[in-house]
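Survey of secondary and tertiary structure
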Amino acid sequence: MTRTARTPVQAQLKFLADKDSPLLYVPSKGGGDQTEHLGNFATRTVEIHNAREELPSTSLDREGFMLTRHNSAVQDFYDDSQLDGIYHGEVAELLKDVTGAGHVEVFDDTRRSSSRALQRDRGIREPANIVHNDYTADSGARRLRDFFADRPEGLQQLGQRRFAIINVWRSIAGTVADQPLVMCDATTISDEDLVSVERRAEERTGEIQVALFNPLQRWYYFPDMRSDEVLLFKTFDSAVDGRTRFTLHSSFENPSAPGDAPARESLETRCLVFF
Ligand code: OGA
Ligand code: FE
């Protein structure tokens, strides 16, 4: 395998430039449409460090993300029945192992590709091109209540426990070169960098966070993520005790990727993780 990494790389990330104009985030549905964001967003060049070299060990409660090996028995990640029948159980076991959690509920799968043709053919979404975190303090807590809307006994049983929302992100094709994920070390984010934005999808209205640029932020990626690796990152934690609750991330155009690199195809699986 040729390593595409010559790190750190300089890349363009999209941040909120000011928080005075009205903000709104309307996610793409998939199939070739685009996510729309209202607000004054501007691109910044940032240095993106090689997490494999510079962060040999990371934690979900500190940096907010970690990479781990995972061999899945799934043959075809485009087959929903294999996600339900095989993958979700694997992910639940993995998260219990890694975090010590007692119970995991998988609630969402999103496939994305950087190829327009694949987006159209597969009906999937484009990479996320603004720096964001998927939940806010309010919307994370609401997601839990909505998940159990039809099962009040589930909420009764688990609702008192500390819980987190963790994304499990992986390639569903080969090694990732084009449009990898970039993560901000959560210990370098200050509360003032984060701005809540309504996320208006057809099926539900929620709230995400976008970010103002701050030179103290330190950005990382895992070059050449293989199909037997998963990136875990925490987008919400109900604990308010100093541990990381939110993790900023985006995708980026990787200047060190070969021009003929295959398109990225990925799956992110969102999980409610109870401790
Ligand atoms: C996510 C996410 C973006 C991407 O997994 O939460 O924002 O481009 N992914 O894969
Ligand atoms: Fe996200």
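Read on for a plain summary of the structure.

Calculation notes
Residues numbered from 1 in each chain as written. Chains lettered and ligands numbered in written order. Predicted model: local features only at pLDDT ≥ 70, side-chain atom pairs only at ≥ 80, totals over all residues. Heavy atoms only, no water. Buried < 20%, exposed > 50% of the residue type's maximum accessible area, 1.4 Å probe, protein only. Helix = DSSP H or I, 4+ residues; strand = E, 2+ residues; numbered from the N terminus. Arc of directions from axis to C-beta. Contact = heavy atoms within 4.5 Å. Salt bridge = Lys/Arg side-chain N within 4 Å of Asp/Glu carboxyl O. Near = heavy atom within 4 Å. Polar contact = N/O pair within 3.5 Å; in protein donor to acceptor, adjacent residues only side chain to side chain. Areas by Shrake-Rupley, 256 points an atom, 1.4 Å probe, with all protein chains shown as cover. Nonpolar A, V, L, I, M, F, W, Y, C, P; charged D, E, K, R; others polar. Donors = N, O, S within 2.8 Å, 3.2 Å for Na, K, Ca; no water. 1 Å grid on protein atoms, 1.4 Å probe; cavity = no way out; pocket = protein on both sides within 12 Å on 5 of 7 lines; lining within 4 Å. Points joined across faces, edges and corners; volume = space filled by probe spheres on them.

Turning to helix H4 (residues 137-147), a few remarks are in order. Taken as a whole, H4 has its buried residues at Ser 139, Gly 140, Arg 143 and Leu 144. Down the axis of H4, the buried side of the element spans an arc of 145°, and every buried residue falls inside it. For H4, the elements touching its buried residues are strand S6 (103-113), helix H5 (152-158), strand S8 (163-171), strand S11 (205-211), strand S13 (229-237) and strand S15 (265-274).

Across all of its chains, the model carries 22 salt bridges by this definition. Between Arg 162 and Asp 61 there is a salt bridge, and its shortest N-O distance comes to 3.6 Å. In this pair, Arg 162 sits in the loop between H5 and S8 while Asp 61 sits in the loop between helix H1 (51-54) and strand S5 (65-69), placing the two residues 101 residues apart along the sequence. On the accessibility criterion, Asp 61 (31% relative accessible area) is partly exposed. Between Glu 229 and Arg 226 there is a salt bridge; the shortest N-O distance is 3.7 Å. Members of the salt-bridge network, linked through shared partners, are Asp 61, Arg 162, Lys 234, Asp 237, Asp 241 and Arg 243.

Around ligand 1 sit 14 residues, and of these Ala 128, Asp 134, Asn 167, Trp 169 and Arg 264 come closest. Here Glu 268 contributes a side-chain N or O atom positioned 3.2 Å from an oxygen atom of ligand 1. Here Arg 270 contributes a side-chain N or O atom positioned 3.4 Å from an oxygen atom of ligand 1. Computed on the free molecule, ligand 1 has an accessible area of 290 Å², of which 100% lies beneath the protein chains in the complex. Its residues placed into classes, the shell around ligand 1 shows five nonpolar, four polar and five charged.

Within the secondary structure, Arg 199 is located in strand S10 (residues 194-200). Residue Arg 199 is classed as partly exposed on the basis of its relative accessible area, which comes to 22%. Taking the C-alpha atoms as reference points, Arg 199 and Tyr 25, separated by 174 residues in sequence, lie 4.7 Å from one another. Setting aside residues up to four positions removed in sequence, Arg 199 forms contacts with Tyr 25, Pro 27, Arg 125, Arg 204, Thr 205, Gly 206, Glu 207 and Ile 208.

Our next topic: the coordination of the iron ion (ligand 2). Reference geometry at the metal: tetrahedral coordination by four donors gives ideal angles of 109.5 degrees; octahedral coordination by six donors gives 90 or 180 degrees. Taken together, His 132 (NE2), Asp 134 (OD) and His 249 (NE2) make up the protein donors of the iron ion (ligand 2), found 2.1 to 2.2 Å from the metal. Between consecutive donor residues of the iron ion (ligand 2), the sequence gaps follow H-x1-D-x114-H. Here His 132 is found in strand S7 (residues 132-133), whereas its partner His 249 is found in strand S14 (residues 249-251), with 117 residues between them in sequence. Judged by its relative accessible area of 4%, His 249 falls in the buried class.

It is worth spelling out unusual backbone geometry at this point. Residue Gln 179 is not a glycine yet carries a positive backbone phi of 50°. On the secondary structure map, Gln 179 appears in the loop between S8 and strand S9 (181-184). A residue is classified by how much of its surface remains accessible, and Gln 179, at 15% relative accessible area, is buried. Even without a glycine there, the phi angle at Asp 224 is positive, about 55°. The topology assignment puts Asp 224 in the loop between strand S12 (219-221) and S13. Judged by relative accessible area, which is 5%, Asp 224 ranks as buried.

This next bit is on the layout of surface pockets. Of the volumes computed, that of the largest pocket is approximately 800 Å³. Pro 27, Arg 125, Arg 199, Ala 201 and Glu 203 are the residues nearest the centre of the largest pocket, which is lined by 38 residues in total. Of all the secondary structure elements, the ones that give two or more residues to the lining of the largest pocket are strand S2 (24-26), S6, H4, S10, S11 and S15. Here the lining of the largest pocket takes six residues from S6, the largest share from any one element. Along the lines of polarity and charge, the residues of the lining of the largest pocket split into eight nonpolar, nine polar and 21 charged. Here the second largest pocket is characterised by a volume of approximately 360 Å³. Contributing to the lining of the second largest pocket are 21 residues, with Pro 127, Ala 128, Asn 129, Gln 179 and Ser 251 lying nearest its centre. At three residues, strand S1 (residues 9-18) tops the list of elements feeding residues into the lining of the second largest pocket. When grouped by side-chain class, the residues that make up the lining of the second largest pocket number six nonpolar, 10 polar and five charged.

Remember, this is a structural readout, not a statement about activity or role.
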